[in-house]
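Structural overview for review
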Amino acid sequence: MTNPLIINILGYLKKQNSACSIIDLVNLCQQDFLLLIKKDVDPQIAIFQKNFFVMNALYQIQRDIKDEGFLLTIFPLEICLVPNHAAAKGTLAMRDADLAHYYLNWSNLNNITLAEVELLFSHFWQRYRAVDKVAAALTTLGVDKNIDWFGIRRAYQKKIAITHPDKGGCVADFIEIRQAYEVLSWRYHRKD
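Residues numbered from 1 in each chain as written. Predicted model: local features only at pLDDT ≥ 70, side-chain atom pairs only at ≥ 80, totals over all residues. Heavy atoms only, no water.

Looking only at helices and strands, the chain has 10 helices and two strands in total. In sequence order, the chain lays out its α and β elements as α-α-α-α-β-β-α-α-α-α-α-α. By the burial criterion, 34% of the 192 residues in the chain qualify as buried. The contacts in the chain between residues at least 6 apart in sequence include a share of 58% that link residues at least 24 apart. Accessible surface for the chain amounts to roughly 12,500 Å². Of this, 58% is attributable to carbon and sulfur atoms. (Helix = DSSP H or I, 4+ residues; strand = E, 2+ residues; numbered from the N terminus. Buried < 20%, exposed > 50% of the residue type's maximum accessible area, 1.4 Å probe, protein only. Contact = heavy atoms within 4.5 Å. Areas by Shrake-Rupley, 256 points an atom, 1.4 Å probe, with all protein chains shown as cover.)

Next up, the structure:
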């Protein structure tokens, strides 16, 4: 099935001199959604369906233009169409392939329950908050986001040596540093 949003979204992406977001594209397609989404559908399902139509269009565009020397990068806050002959001919990353598979399967549009949508939204917000925790933890340890695990451990050990209560440090600072280390340990050692 061809997505009716493809023409508008592709035209918009071609005009953009910078990246756009999913929200930009949802706003662009508001008139189309009036025809595509039933009026009596639950508001949470409607939000899911809007997102689904946009993501489906993006993945159809990404698939269709890769042989034309272009690459469409798809991240929630950064969607960008760029000429890139080498990257455009490559395969999708595993994350992209999994998402593309989901969004290109039209049965996922209507075969979802309100409970499943609420679970998806819950997982999204948990991951979103986890990113905030990681940024705060990096700041607490005084390291930047490009640091490797060895650097995190070294920064943690230096901070703990200063803040440990047995060495005259503040208990609250010690706990904050330990929590930051735990957040980063969880983040750097789990599989996405």
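In terms of strand pairing, strand E1 (residues 70–75) meets strand E2 (residues 78–83) through six bridges, oriented antiparallel. By the bridge assignment, Ile74 is partnered in E2 with Ile79. (Pairing = 2+ DSSP bridges.)

As a further point, take the nonpolar core. For soluble globular proteins, the rule of thumb is that nonpolar side chains tend to be buried together. Ile9, Val54, Leu58 and Leu72 are the most contacted members of the largest nonpolar core, which has 34 residues in total. Going through the elements one at a time, helix H1 (6–15), helix H2 (22–28), helix H4 (43–65), E1, E2 and helix H6 (94–103) are the ones with two or more residues in this core. For this core, the leading source of residues is H4, giving 12 residues. Within the second largest apolar cluster, 15 residues are counted, among which are Leu141, Ile160, Phe174 and Leu184. (Core = buried A, V, L, I, M, F, W, Y, C linked by side-chain atoms within 4.5 Å.)

Moving on to the pattern of salt bridges. Pairs can form between side chains of opposite charge whenever their charged atoms are close. The full count for this structure, using the stated rule, is two salt bridges. Between Arg63 and Asp64 there is a salt bridge whose closest N-O contact spans 3.2 Å. Close ionic contact of Glu182 with Arg178 constitutes a salt bridge, the shortest N to O distance being 2.4 Å. Linking Glu182 with Arg178, this pair stays in helix H10 (residues 171–189), spanning four residues, or about one helical turn. (Salt bridge = Lys/Arg side-chain N within 4 Å of Asp/Glu carboxyl O.)

Okay, H1 next. When H1 is considered as a whole, its buried residues turn out to be Ile6, Ile9, Leu10 and Leu13. For H1, the arc enclosing every buried residue in end-on projection is 95°, short of the 170-degree limit, so these residues lie on one face. Turned more than 90 degrees away from the buried face of H1, the exposed residues are Ile7 and Lys15. Elements in contact with the buried residues of H1: H2, H4, E1 and E2. (Arc of directions from axis to C-beta.)

Moving on: a nonpolar patch on the surface. A cluster of nonpolar side chains, Leu34, Leu35 and Leu36, forms an exposed patch at the surface whose accessible area comes to about 330 Å². By the element assignment, Leu34 lies in helix H3 (residues 30–36). (Patch = residues over 30% accessible without salt bridge, like charges linked within 9 Å, V, L, I, M, F, W, Y side chains within 5 Å.)

Looking at the element boundaries, Thr163 is found in helix H9 (residues 149–163). A distance of 2.9 Å separates a polar side-chain atom of Thr163 from the backbone oxygen of Lys159. Excluding residues that lie within four positions of it along the chain, Thr163 makes contacts with Gly169, Cys170, Asp173, Phe174 and Ile177. (Polar contact = N/O pair within 3.5 Å; in protein donor to acceptor, adjacent residues only side chain to side chain.)

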